[in-house]
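Each chain, letter by letter, is given below.
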Amino acid sequence: MEYLDFELPIKELEDQLDKCMIIGKESDVDVTETCKQIEKKLKDTRKEIYKTLTAWQRVQLSRHPNRPYTLDYIQAICGDTFLELHGDRNVKDDKAMIGGLGKIGDQTYMFIGQQKGYNTKTRQYRNFGMANPEGYRKALRLMKSAEKFGVPVVCLIDTPGAYPGIEAEERGQGEAIARNIMEMTRLKVPIMVVIIGEGASGGALGIGVGDVVLMLENTWYSVISPESCSSILWRSWEYKEIAAEALKLTANDMKKLKIIDEIVREPEGGAHANREKTFQIVKNKISAHFEKLEKLSPKELVNARMEKYAQMGVFNG
């Protein structure tokens, strides 16, 4: 397990607890009471740290190397029922954007999401979770297939942004994202969006339009990353913490601004601390929201979705 800077007090207590238990096993000394005291202190420290997280600390948690990615969620939720589908039928198969059919119980869903890598090799293979235009076109192709067969769509967002390379712009990155946004507003099947990590810029919006948008507690959703915002305003990354606060990018901020519909609470210590419990929570949320959405007709779905997004923001008449 890797620890972030603000998690170091937790690491120290966990190390103390491990040493205490080893002493108890290897000697005749009764350390039961000492272990209990350390466990209590560990629980209190963990609760105190995660109760007072800053916006920047939540950004750090969303990028935690042990945090589960899209395929982790899909494999845990769907098991062997997941069938990955490939290609945009035009250029190539974008490895940063994955999608396919999977089941929760007896219900089939079309899962779509950005996938990051676990080490240097897989990060390069997945392009660090930054999709090219063909990734968004693949996502749209899968959504249209889901619409054709009446299959609900689940989008899992975790990206530092769409790929900003010259070749991506040459192949129409902006157009691909804009088309996805337009087509998702009028898709005639339920769309559930879950932000499981980073939700940056148009890279997130390209698969981010939904009837229900859920956001895990330690994630962020913004037009720009704190580092990029800091570099634009102050010509340096040193002010990223100030930028994170100013951007209002946390789940609580998004809920207050009515950009998302629900905050999904993570297990104590974050999603990386208890992956199995996190998977179960997300699975239950998807099923619960689909039960409500499946009662609506295609026309009601589209009208409600359009109305929802039309109400966002502040404007003067």
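Relevant structure appears above.
As the structure is a prediction and not an experimental result, all values here were calculated from the model.

(A) Just the packing of aromatic side chains, in detail. Counted according to the given criterion, the structure contains five aromatic pairs. Measuring from centroid to centroid gives 6.0 Å for Tyr-109 and Phe-111, while their planes differ by 50°, and the two rings are tilted. Measuring from centroid to centroid gives 5.5 Å for Tyr-109 and Phe-290, while their planes differ by 70°, and the two rings are edge-to-face. On the criterion of sequence distance, the pair formed by Tyr-109 in strand E3 (residues 107–114) and Phe-290 in helix H13 (residues 275–293) is long-range, its members being 181 residues apart. Of the two residues, Tyr-109 and Phe-290, neither departs from the other in class, the shared state being buried. Here the aromatic cluster, defined as three or more aromatic residues joined through ring pairs, consists of Tyr-109, Phe-111 and Phe-290.

(B) Summary view of a nonpolar patch on the surface. On the surface, Ile-232, Leu-233, Trp-234, Tyr-239 and Ile-242 cluster together into a nonpolar patch covering about 500 Å² of accessible area. Considering every element that reaches the nonpolar patch, the biggest residue donor is helix H10 (residues 226–234), with three residues. Counting through the fold element by element, Tyr-239 comes out in the loop between H10 and helix H11 (240–247). Judged by relative accessible area, which is 32%, Tyr-239 ranks as partly exposed.

Definitions and cut-offs
- Residues numbered from 1 in each chain as written.
- Predicted model: local features only at pLDDT ≥ 70, side-chain atom pairs only at ≥ 80, totals over all residues.
- Heavy atoms only, no water.
- Phe/Tyr/Trp six-rings, centres within 6.5 Å; stacked < 30°, edge-to-face > 60°.
- Helix = DSSP H or I, 4+ residues; strand = E, 2+ residues; numbered from the N terminus.
- Buried < 20%, exposed > 50% of the residue type's maximum accessible area, 1.4 Å probe, protein only.
- Patch = residues over 30% accessible without salt bridge, like charges linked within 9 Å, V, L, I, M, F, W, Y side chains within 5 Å.
- Areas by Shrake-Rupley, 256 points an atom, 1.4 Å probe, with all protein chains shown as cover.
- Salt bridge = Lys/Arg side-chain N within 4 Å of Asp/Glu carboxyl O.

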